[in-house]
Amino acid sequence: MTGFRKFIALLLLILIGIPVLFAVIWAVGVTQAAMSPELITDLPREVINEVPDIMEAIFVAARDKDVNIDENSRAWLVAFGEVDVKIRDVMAETGVNDWLENQLGESLDAVAAILQGRRALEDIKLNMRPLKEALKHPAIDRYMLKVLDRLPPCSPEQLEEWKQAAMSSSRFDELPACKPAETEVLDSAVKLVKEDMVRDMPDEVDMIEGSEHLPYGVDIARTAVSLSLLMFVFPALVIFLASLIAATSKSSFFTWSGVSTMIGGGAALGLSFMLKNLLSGLMLTPEFLHYHHKMDQVEELVLQKVSGLTSIIGEHLFGPVVTVAGAVFVVGLILFALSFAFTQAKPPARRPQAPPVGEQMQGPIGGEEEVSR
C-alpha cells in the first residue's frame, strides 16, 4: 500500500506540481522584470550611453584586415574613425544629449511614476521634434565633411554614382568611399543624407496609450507583482498534498516537499542562467543569426560589437527570474533540512536484566524460591 501511495504522489509531482511551480517562477520573475521601474528608466539610458563607445569600437575594428568586410565599407568606417571629433562630442554639440536627458528621460520617469501610482493618469507623449532638429544641426554637416576629407578624390565613375544619389532620395548605403570634387554634388548629397535620417521619424511617440483604463492612485507595478505571487498557492498545495500522500512520517513529509521544491526552483534557476548566457553569446552571434536572417558583412561587424549590450538587457530581463528561482530553491532546501530535525533514532534494544540479589522469584509452578547470596 505504501508503494502505491508513493506512485500516486510521484505522478502528482511530475505531471502537475513541479511543472506548475517551474512555470509560476517564470511568470512571477517576468512580471517583476516587466513592471520594474528600472527596466523602464534605467535600461534605455544604459543602452544609449553605450552606443557611442560601440560605434568607436566598430571604427577601430574596421582597421583590422582580418575583419571580413568589403573594402568600400572598410574605407568608410576607417574614415569615420580617423576624424578627430568623437561621436559623443557631436551628440553633445547638436543637442542630442539634451533631448535624451530631458525629453526622453522625463517621459520615461513619467511612465514609471504612473505605474507606481505617484502621478495622475495621463497620455505620455515623447516629443521627437527636438531630436529631428538636432539631426539637422550644422555640426552634422561639419562632421560629415571631415569624414569625407579622409577619403580620396572620386574617379569619374564614382562621381557619377554620387551625382545619381544627389538627384534622388535613394539610400546611401552603396556610395563609393571617395570625396566628390564638385561642391554642389557634395552639398546636395549631405543634405539628402540628413533628410533621410529624419524622414521616417514621427513628431510624437505615445509612451502610454489608453491611460483611462488604468486605476488611479494605485501602484500598478507593485500590485501586479503582489498578485503574481498568489500563483504560488496552487503548486504549493499540489506539493503539500503529494508529500502528505507519500509520507510515512514527519521526516519523509519534509523530504518529499523539500526535494520537489528544490527541483522546481533549481530547474528554473538553471534555465534562467542559461538564457542569460545565450542572450549575450550564441543567440546574437553572426553564426546564429545567419541561420535565420541574411546579413551583410557590415551588419555582422556591428552585431559583434552590439552583443555587449545584451548582457545589460539580459540582466534586467532575467535577473528577477534568477532571484525568484533562487528564493524558491532556498525554501526547498530549508524544508529538506527540516526532515533531519524530525528524524528519530531507533531506541537501542533493551537487554534483560537479572533480578536483584535476595529477591524472590516465581518458580515454574507458581511457588517461590529464594535466591541466595
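Rules of the game
Residues numbered from 1 in each chain as written. Predicted model: local features only at pLDDT ≥ 70, side-chain atom pairs only at ≥ 80, totals over all residues. Heavy atoms only, no water. Helix = DSSP H or I, 4+ residues; strand = E, 2+ residues; numbered from the N terminus. Buried < 20%, exposed > 50% of the residue type's maximum accessible area, 1.4 Å probe, protein only. Areas by Shrake-Rupley, 256 points an atom, 1.4 Å probe, with all protein chains shown as cover. Patch = residues over 30% accessible without salt bridge, like charges linked within 9 Å, V, L, I, M, F, W, Y side chains within 5 Å. Salt bridge = Lys/Arg side-chain N within 4 Å of Asp/Glu carboxyl O. Phe/Tyr/Trp six-rings, centres within 6.5 Å; stacked < 30°, edge-to-face > 60°. Core = buried A, V, L, I, M, F, W, Y, C linked by side-chain atoms within 4.5 Å. Contact = heavy atoms within 4.5 Å. Polar contact = N/O pair within 3.5 Å; in protein donor to acceptor, adjacent residues only side chain to side chain. Expected span 1.5 Å × (residues − 1). pLDDT = per-residue confidence, 0-100. Bend = angle between axes of the 7 residues up to and from the residue.

A. Geometry of the overall build of the protein chain. Each helix and strand in the protein chain was counted, giving 15 helices and four strands. Residues counted as buried form 37% of the 373 residues belonging to the protein chain. Surface exposure of the protein chain reaches about 22200 Å², of which carbon and sulfur atoms provide 61%.

B. Representation of a nonpolar patch on the surface. A cluster of nonpolar side chains, namely Phe4, Phe7, Leu10, Leu11, Ile14, Leu15, Ile16 and Phe234, defines an oily patch on the protein surface of about 800 Å² accessible area. Looking at the nonpolar patch element by element, the count peaks at seven residues for helix α1 (residues 2–34). Residue placement: leucine 11 occurs in helix α1.

C. Structural detail: the environment of threonine 2. Along the chain, threonine 2 turns up in helix α1. Taking relative accessible area as the criterion, threonine 2 reaches 36% and is therefore assigned partly exposed. For the pair threonine 2 and isoleucine 245, spaced 243 residues apart in the sequence, the C-alpha separation amounts to 9.2 Å.

D. Main features of the packing of aromatic side chains. Tallying each qualifying case throughout the model produces eight aromatic pairs. With a centroid separation of 5.6 Å and 15° between ring planes, the pair formed by phenylalanine 59 and phenylalanine 80 is classed as stacked. One end of the pair, phenylalanine 59, is in helix α2 (residues 37–61); the other, phenylalanine 80, is in helix α3 (residues 71–82), and 21 residues separate them in sequence. Residue class for phenylalanine 80 comes out partly exposed when judged on its relative accessible area of 26%. Plain terms: the ring middles of tryptophan 76 and phenylalanine 80 are 6.5 Å apart, the flat faces sit at 40° to each other, and that makes the pair tilted.

E. Representation of the nonpolar core. Membership of the largest hydrophobic core comes to 50 residues, with the highest contact counts inside it found for Trp76, Trp99, Tyr143 and Trp162. When contributions to this core are tallied by element, the ones reaching two or more residues are α2, α3, α4 (87–94), α5 (96–115), α6 (129–134), α7 (138–149), α8 (156–166) and α9 (183–198). Among the elements that line this core, the one with the most residues is α5, at nine residues. Core analysis: the next-biggest nonpolar cluster, separate from the first, contains 19 residues, Ala9, Ile18, Trp26 and Val321 among them.

F. Layout of the environment of proline 320. With respect to the element layout, proline 320 can be found in helix α15 (residues 309–341). Along the chain, proline 320 and valine 28 lie 292 residues apart, while their C-alpha atoms are 8.4 Å from each other. Proline 320 has contacts with Gly29, Gln32, Ala33 and Glu315, leaving out every residue within four places of it along the chain.

G. Just the side chain of threonine 261, in detail. One can find threonine 261 in helix α12 (residues 250–280). We classify threonine 261 as buried; its relative accessible area is 10%. Threonine 261 has contacts with Leu21, Ile239, Val328, Gly332 and Leu335, leaving out every residue within four places of it along the chain.

H. Spatial organisation of the side chain of lysine 132. The residue lysine 132 is located in helix α6 in this model. Among the polar contacts listed, one links the side chain of lysine 132 to the backbone oxygen of methionine 201, at a separation of 3.3 Å. Look past the residues within four positions of lysine 132 in its chain and what remains in contact with it is Val198, Met201, Pro202 and Asp203.

I. Structural context of α3. Along its 12 residues, α3 runs 16 Å from first to last C-alpha, staying within 8% of the 16 Å computed at 1.5 Å per residue. Along α3, the positions that sit buried rather than exposed are Ser73, Arg74, Trp76, Leu77, Val78, Ala79 and Gly81.

J. Representation of the pattern of salt bridges in the model. Under the criterion given, the structure shown has eight salt bridges. The residue lysine 132 makes a salt bridge to aspartate 203 at a minimum N-O spacing of 2.9 Å. Separated by 71 residues along the polypeptide, lysine 132 in helix α6 and aspartate 203 in the loop between α9 and β2 (204–206) bring together distant segments of the chain. Linking aspartate 149 and lysine 179 is a salt bridge whose minimum nitrogen-to-oxygen distance equals 2.4 Å. Linking aspartate 149 in helix α7 with lysine 179 in the loop between α8 and α9, this pair joins segments that are 30 residues apart in sequence. Residue classification places aspartate 149 among the partly exposed positions, given a relative accessible area of 48%. Its relative accessible area of 29% is what places lysine 179 among the partly exposed residues.

K. Up close: the confidence of the model for the protein chain. Averaged over all residues, the pLDDT of the protein chain equals 78, while 77% of them reach at least 70. Across residues 363–373 the pLDDT falls below 50, and counting only partners more than four positions away or on other chains, this stretch makes 14 contacts in the model.

L. Highlighting α1. A rise of 1.5 Å per residue sets the reference length of α1, with its 33 residues, at 48 Å; its end C-alpha atoms lie 46 Å apart and thus fit the reference within 8%. Of all the bends in α1, the greatest measures close to 45° and is centred on leucine 13. Buried residues of α1: Ala9, Leu13, Gly17, Ile18, Leu21, Val24, Ile25, Trp26, Val28, Gly29 and Ala33, and no others.

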